[in-house]
Structure formats: C-alpha cells, structure tokens
Amino acid sequence: MDADIIVIGAGVVGAALAFGLARDGYKVKVLDGKNRDLRAARANFGLVWVQGKGADAPAYRRLTHQSAELWPRFCDELANTAQVQVDYANPGGFHYCLGDAEFENRAALAERINSTAKTPEIDMLSRQDLEKMVPAASFGPEVTGASYCRLDGHVNPLQLLDALHKGIAAQGGSVLFRHPVSDVKPLATGFAVNGPAGTLTARYVIIAAGLGTPDLANSHDMDVQISTTRGQILVTERLDPFLPFPASGLRQTAEGTVMIGATQEHTSDRGVSVGSATTLARRATRIIPALASVRLVRQWSGFRILPPDGSPIYAQSKSAPGLFAAVCHSGVTLAAAHAAIVGPAMINGRLDSELSDFSDGRFHV
Amino acid sequence: MFRSVMAGLKEQADMTVYVNGVETPAWDGETVASILLRVPNVGRQTPVSGETRLPYCQMGVCFECLAVVDGVPSVQGCLMPLKDGMRIERQRGRREVGQ
Amino acid sequence: MSYDVVVIGAGPAGMAAAVQLAKLGISVCVVDEQPAPGGQIWRGVERNATSPVFKALGEDYQKGSSATAAFHAAGIDYQPAAQVWQIEDGWKVFLTAEGKSRCITAKAILLANGAQERPVPFAGWTLPGVMTVGAAQILLKSGGMLPEGDVWIAGAGPLPLLYATQLLELGGKVAGYIDTSQKPSLKALSHLPAAWRDFPGLMKGLRWIWKLRRSGKLVRNTRNLRATGDGQLRQIEWESNGKTRKRDVGVLLVHEGVVPRIHETMALGCDHDWNDQQKYFAPRVDQWGETSRKGIFVAGDAGGIGGWKVATVSGEIAGLGIARFLNIGIDAEKLRREAALDDGRKRAMALRPLLDALYTPPQTPIADDVVVCRCEEVTAGRIREAARASAPDVGAVKAATRCGMGPCQGRQCGYSVQALVAEVNNLPVGDVRFFNIRPPLKPVTLGEIATLQDVEA
Ligand SMILES: Cc1cc2nc3c(=O)[nH]c(=O)nc-3n(C[C@H](O)[C@H](O)[C@H](O)COP(=O)(O)OP(=O)(O)OC[C@H]3O[C@@H](n4cnc5c(N)ncnc54)[C@H](O)[C@@H]3O)c2cc1C
Ligand code: FES
C-alpha cells in the first residue's frame, strides 16, 4: 500500500481531514487536480461563521459550534506544525442591517435561534451600540444596527490552505499536485486510485473533491447530491485597520484590505461581471460611505458546493466500506471539526453512530 | 534628483503647486510623478513595510507614484498632469478611511 | 454611448487605425490614459513643438507632429486621461475619467495599448533613485526633466542609447554606462543584410554608439549589479573580471527591452503565444490583427514589439480588418494591396530580427534576497519556496505569497514569477502559464462602481 489513507482533493475540506488524520499517526497522501480546476478553497471569503448557520438543522448547528470552539486551538497547532503565519481572529461578527425591515427580520431570526439554544447565540445591536464598538468607521444613515454573535471570526483562507498543505507534509504525509483522479477501484483489501499520473493504493480513501465528488463517489453506491452557485468577491487596496469585527459580506483582513462579497448567481461562467461589482459596492458604501473613496484592486468568482439542505454530507460507500466522501459548503468554518471529529469518525467506524445526520441516505426518503 | 531644463530658460515658472503644503514652482507638461522626483520626502510609503518608493515606470504600470492629490488618495501620479494650485500630499502606508 | 469601434490607446497604432476607420465612415472613439495623443514614443509631442527639448528629441519624435495633426483632423471622438478598467462581452468598455466611471459600447474593439518596459529585478531596484530609462525619457518629454548628479545607465537595447544622446544634447551628463547586452552572435549578424534595408535606422544606431563612446565611460561584461543605499540610492556595485567595483551614484536608469501589455487580452481570454527569444507572451492574431476572440483586434506593440513604424502600419491594417469585420461593403484586400501595407510592414520590420537577436533578455537567475513583487514586497526566495511546495502554477504561488496581488496586478512581477516557477520545476519558461488576470484592469474606486448607471447585476 502507498498510504494508509488517500484523500482525493487538496482543498480546504480534504486538506483539513488529511491534516487531522496525519496528526493521529496515519500515513496520508492527498491528491490534487489540474491547475485550472475550480477551487473554492482559494476563492472563498474566509469567515469562520456561526450565526444563522443551520437555523433549522440542529446537528449542523451543533457541529458548527463545535468547530468554532475548536478553531483557536486548531489554528495554533496548525501554525506551529506548519511553521507559517495564519491570520485568524475571533472577536465575534456582525450582520449589518439596512433599514427597519432588515433589522426586524434579523431580530426575528435571532429570536428563533436563541429560543432553542442553551445560551443566547445572537445579540441584536442598535446603531448606537455599533458606533461604540466600531469607533473608527462612520456608518451610513440607513444602518439601523446589526446582529452579533460572539463565536464568529475570520481567517486568511489562503494562509489556511497553505498551512494545511505544509502541516500535512510536516507530519509525514504528502500532497501531490497535478494528480487528477479518474476513478477508485476496490481491491481485496483497500483501494486503487487511478488517474493519468498513475495508480496509488491505500487502505482507506476519502473523496473530498468539491464539485468533482459526485462523479467519483456515486458509482460506488453513494448518493452525494450537490448544486452550485457562483459567488463574486471584491477586494480593495490596503487600509489602516478600522473594522475590528468581521461581518457577513464585509471584513477587513489582517493585511488591511477590505473584502466585500459574495453574490449568489446561477451560472457556470467562470468570469466576473461589473454588474455584480456594482451591486456589492452599493451595499458596502451604504453601510460605510467612506468606502466610496477606496480603490478596488481585484474581483474574482468562485463556485460554492451546496448540498440540497445546506448541511454537510459525510458518506461511506455501502458496497465498498472504507471509501468515504465529504462535501460541505462552509469548509473554512468546519476545518477544525473536520480535522478533530469527522476524519477520525470515518476511519474509526463511528460515522454512523456519531454523524448519521450527515449521511447521504437522508436524500431518499 | 531631477530638474527641469525650463528652469534655466524661463524667467518664471508656469504654475505653483503645493507639495505637503510647501509652495513649489512647476512647469507645463509636468505630472504629479515628476514633482515627487523633484521634492524630497514625498515618495509614497508602502502599505507593507512602510519603506519609501519613488516613481519607477512613468507609464502607468508600477504604481510607485501613488500620491494624495487634492485630497484624493491613491492617485497614479504619472498619469496626472499638474494644474496650478494643485495640492499634493505624501501617500503614507496603509491609508486611513476618512470619517 | 455607442460606437462601431472603441480604440484603446492613442499611440502610433491606435491613431493610425482610428484615422483609417474614420476615413471609411466608421464611428470610432479613442480612449487613452494619457492627457494627449502620441503614445509612448510621441509623449507630449504637441506641447513640445515649441519647447527647447523638441530638437534634442530627434527626428523620429518630430514625426509625431504630423501623426497627431492627422488624428485631430479626422474628427474622431477622443477621450484622453481615461483609463479602461474592464471590458465585457457584447463589448462594453468601462472607463474612468476625472473620478467618474461610465460604459461605452462597441461592435469591435482595437487594443492598441502598446508596451511596457520589461521589469528585471535586481538587488536594490526598489530604492528611490533607481528607475527605468523609459521613465527618464518620458520625464524629458513631459516637462523637460533632466536627472541630476552622477547619472548611470545600465541596460541593453536601442532605447538607452537614444536616451543618452538626447540627454547629452540638452546639457545633461552621463557618468557611466553599463552595457548589459550579450556579445552579438553569428545569428544576430546574419540578420545584417536585412537590416540594411532600413539603412537610416541602422545609421542612427551607430551614431548613438559613437556619441556615447566619446562622451563617457562604457562598461561591459559585468555581473551581479546591485544598487545600495539606506532608503535612497547611494552606490552601485558590480563584478567584472572577478573584482567588485563600486561607484557613487545619484540616479541609476535601467532598461532591458520592452514587452507587450497583455493584461487586457489576457483578461479577455484571447489566446497567446510565447515568444521564447524575447521571453514574452503576445496575443495570437490573424493577418488582420484579429485575436482568437471575434471582434477583438490588436495593433502595435500590444501584439508584439515592432517599434512605431510597424505599429503605424499594423494600425492601418487593423483598421481595414475591422471594416471587413463590420461588413460595410468595402474590399479590404484591395485597399490593403493598393496602399502597399504589407510592403510597408516588411520595411518597418527589417531591423527587428537584428535587434531581437542582439538584445535578448537577461537569463541570470534572480538572487533569493531580491524583491520581485514590488507592491507586496515578496522576494525571489519566498517565491521559490512557495513554488517548491505547490504545483507548477503561478496561481498557487500567488495565493501562497501574495505576489501579484498589489495595485500593479502583476505587471511588474508576472514574468519573474513565471520564470521562477519554471526554474524550480525545471520546465521551459514558456510551459508555465502567466497569472490569471482578474478585473479591474486598473484600480477604480468603489464609489465609481457603486454609482455606475444602467448596469445589470
Ligand atoms: C519608454 C519608451 C521609449 C521608446 N522610444 C522609442 C523610440 O525612440 N523610437 C522607436 O522607434 N520606438 C521607441 N519605443 C517603442 C515605441 O514607443 C513603440 O513601438 C510605439 O509607441 C508603439 O506604438 P503603440 O501605438 O503600439 O503603443 P503606445 O505608443 O505605447 O500607445 C499605447 C497607448 O495606450 C494607452 N493605454 C494603455 N492601457 C490603457 C488603458 N487600460 N486605458 C486607457 N489607455 C491605455 C497608453 O497610455 C498609450 O498612450 C519606445 C518605447 C518605450 C516604452
Ligand atoms: S510611475 Fe509607474 S505607475 Fe506611475
């Protein structure tokens, strides 16, 4: 066998699973695809986000909470293992409200979520509260307030991915780039993973190939269903720190750039559009009018990986046990849980007992 | 570092601009970038390490000529002709977002 | 606003094309980020006509007067001081002028946006006091600016020679000249007969060299040029014959040739070819200047370095090509033949093979401590390290190091990063792709984008 575990996909989901398993002492190999593949791991917004997630899916909400709580330690360990900087902060996060209707809707959501939580998860902040918490910014006249969740945070997603790759290597694993996989074949024990770059074998295989997952997994008696939307993001020149709290759709990075995003569009076009930039810039400048003088430096798009009900899918093949699939939308938020909980649950046979809410079986009732 | 040949040929400057508040004579055809090369200590400071830079390419492709021009930050100086009375300020590192 | 054609760039190529198009009755708008027409070679030519620098700038420069006059006379909509920051399908051109953005539409686009100097990183190239020869020449053309103190030039190609002669003529001084060009190879000399066809051009080159030899020091066969100083250029050093030499300098001007501006064609997804001799990408065009994307044409240096005469002819050809594309009932082939445009191009190209063979880009590896990405201050060492830890993909290196993420959007570091990724992976440089170019083509304020009218989300 070439490895104990082969993970197909070196995006933030595959790499986090592999990092956790390498830390547990398994010999892991991570195979990544072609240079031009879609990579949500490189295109995402970088929020480690709890508020509003899984409002109607308690298991997903629980896992998100767990992950957010694991994140600080996970990040320290990752940065130390990989010997690289990972800019992460968890001061809590905002969802800005423009106008009274947005504020009331948000307050209703907060109340619904809080009513089922042990301790209230979301606070509604008035405009005055906001002004006190963010003294360096002046808010537009339409800003009525924000919801706030103390568990929320943000990370530099590119540093995260880089650190995961280096962390895997530092623990004796390896990441093979430009190693696209065309199919997985069950052997008497273990699996053969085939592709133009050659065949590798392992005792276990986890398919975490983002949008490419169904093609590889569903021929092995799994039912991984996903759809996608395009999300466009804007990033500005570097500015003096003035936004101490990340918000959904608006955050200042450790470098000082401001990220604005992301749109939700039904298209397969890989490009970006001025129309979307206008939509994003309009909302951002309504929240903080002074952003109008700030220069946009880059705009890009990425494609979300969306299970039909929004919750992650962690599946095991019924015909070939030992072959798994993992897909989810919020791979950055869930990275800590993937490393500490999901990977071990797969390999130790606890997927059905601990994470059955996320099985692929849930789609055919 | 640079001087205008006009300075020796014309009796009077074509215009006056204000560089970090200091009255500075200037010549027709000059850009904000050329002023940055004539007056000490106005080159941009990078938003990364804060080191000082001066215009490098003069053709719009290096962004080393950024300056605050009449209150507008991050202006590409080499593409901005000087005008009489123009105010040019040093672009210091990561700039502040106006209140 | 809507036009048949939007031309981007009012240099020799863009002006020639626009004049051609206007003559054929096609509506055209010319957009340029400079305040006046002329492009790089004829910067400020109209204003300088009465200036004392005019004579010193030489014959080729003076020819710009008639070109800009013809351009103005043709009654073309001309938008100076405007930067194009995005081009979308259906050919919508988004531009910013005087702090406001708007969109103009066209059936065809001509990219005549010219060239930029090839950035060649070396130790100390970010110090104030170091700049390109082209930059110094532009300063000369736009305000009569002369460098002061001990001025050194280091580089190769016709431009440093031309600039030096212009400078001397205006009473400036050159303290030293480091010629970084390689010894002419037999291959280069084999182009000589063709070059004679462009006799006046060749004579001009020889005159430059004579003048320079008489006026100052010429240093050859150097290695490891460094610029040093504490926050300001003070000294340069280099190695030659195993010894390190040092000189006090005030200004160091560098030049290693020019490369096409490809951000626009790259962002549009046009196919490009790698020119391995000159180490640049250029958009692939057909005989009319049309790229792989229907309706997107390229002329002048933007399609491959040829100089202003080639740019002028290729602009005229692209003008006819666009007229043909618009199907306005002209016989473009016939007009092309009658104007003998192909002969004109051949003549203008005569010197090019010699120049390209004489002045090949330097191939010395960049030392680890040298800053490659000026904007994000990323060194060659960090780029190499990232390249070792990822696929042979500049995108992955960019993601890991932030190189190419600053305001210049990779215009200064693109080719260096590509070369470093190739070096680490032991690949031919041309096998490594360029950065994936993302909008905007030039940084534009969020306020301008937010206040754009009539855009669909
Ligand atoms: C510094 C320098 C000096 C040179 N000197 C000589 C010389 O002495 N003799 C010689 O034969 N050749 C010289 N060359 C080469 C010569 O300038 C070119 O061959 C010639 O100018 C090419 O013409 P062009 O029309 O293709 O491009 P250019 O003359 O470069 O014109 C392109 C125009 O496009 C504009 N532009 C670019 N991007 C945008 C955008 N996004 N939005 C709006 N406008 C844009 C630019 O401002 C520019 O005005 C020199 C080149 C350089 C760089
Ligand atoms: S000097 Fe390079 S962009 Fe202005």
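Residues numbered from 1 in each chain as written. Chains lettered and ligands numbered in written order. Predicted model: local features only at pLDDT ≥ 70, side-chain atom pairs only at ≥ 80, totals over all residues. Heavy atoms only, no water.

**Side note on the environment of C:Ile330**
Residue and element names in this part refer to chain C. Relative to the elements of secondary structure, Ile330 occurs in the loop between helix H12 (308–326) and helix H13 (332–338). According to the relative accessible area criterion, Ile330 is partly exposed, its value standing at 28%. Measuring from C-alpha to C-alpha, the distance between Ile330 and Asp89 comes to 26 Å, with 241 residues separating the pair along the chain. Apart from residues lying up to four places away in sequence, Ile330 is in contact with Leu24, Ala323 and Leu335. (Helix = DSSP H or I, 4+ residues; strand = E, 2+ residues; numbered from the N terminus. Buried < 20%, exposed > 50% of the residue type's maximum accessible area, 1.4 Å probe, protein only. Contact = heavy atoms within 4.5 Å.)

**Quick word on the UniProt feature "domain: BFD-like [2Fe-2S]-binding" (unreviewed entry) in chain C**
According to UniProt, the feature "domain: BFD-like [2Fe-2S]-binding" (unreviewed entry) maps to residues 371–423 of chain C in the numbering used here. Across residues 371–423 of chain C one finds 51% helix and 9% strand; the C-alpha atoms that close the span lie 17 Å apart. (UniProt positions renumbered as here; feature names shortened; annotations may be inferred.)

**Points about the site of ligand 1**
All names here are of chain C. Close to ligand 1 lie 31 residues; Ala13, Asp32, Leu162, Asp301 and Gly307 are nearest. Interatomic distance of 2.9 Å between a backbone N/O atom of Val84 and a nitrogen atom of ligand 1. Broken down by secondary-structure element, the contributors of at least two residues to the shell around ligand 1 are helix H1 (12–23), strand S4 (82–88), helix H6 (133–141), helix H7 (158–169) and H12. By residue class, the composition of the shell around ligand 1 is 14 nonpolar, 12 polar and 5 charged. Looking at which domains feed residues into the shell around ligand 1, each of domain 1 (2–116 + 259–330) and domain 2 (119–256) gives three or more. (Near = heavy atom within 4 Å. Polar contact = N/O pair within 3.5 Å; in protein donor to acceptor, adjacent residues only side chain to side chain. Nonpolar A, V, L, I, M, F, W, Y, C, P; charged D, E, K, R; others polar. Domains from an automatic or database assignment.)

**Details of the sheet that holds strand S5 (residues 72–76) of chain B**
All names here are of chain B. Read across the sheet, 5 strands follow the order S3-S2-S6-S4-S5 without closing on themselves; strand pairing throughout is mixed. Of all the strands in the sheet, just strand S3 (22–26) and S5 have a single pairing partner and so form its edges. Strand after strand, the sheet turns through a mean of 40° between neighbouring axes, direction not considered. Looking at chain direction, strand S4 (residues 66–69) and strand S6 (residues 87–89) are connected through 2 bridges and run antiparallel. Bridge pairing in S6 places Val68 opposite Glu89. (Pairing = 2+ DSSP bridges. Axes fitted to C-alpha atoms, helices over the stretch in contact; angles between N-to-C directions.)

**Focus on the environment of A:Gly33**
Residues and elements named next belong to chain A. Here Gly33 shows up in the loop between strand S2 (28–31) and helix H2 (40–43). Assessed through its relative accessible area of 14%, Gly33 is described here as buried. The residues touching Gly33, leaving out its near neighbours within four places in the chain, are Arg39, Arg178, His179 and Pro180.

**Some words on the interface of chain C and chain B**
Between chain C and chain B, the contact holds 46 residues from the first and 34 residues from the second. Regarding the contact of chain C and chain B, the summed buried area is about 3600 Å², with carbon and sulfur atoms giving 63% of it. The largest contributions to the chain C side of the interface with chain B come from C:Met145, C:Arg374 and C:Glu377, which together make up 16% of the buried area. Joining chain C to chain B, the criterion identifies 2 salt bridges. Measuring nitrogen to oxygen at the nearest pair gives 4.0 Å for the salt bridge that ties C:Glu148 to B:Arg3. (Buried area = accessible area lost by both parts, 1.4 Å probe. Salt bridge = Lys/Arg side-chain N within 4 Å of Asp/Glu carboxyl O.)

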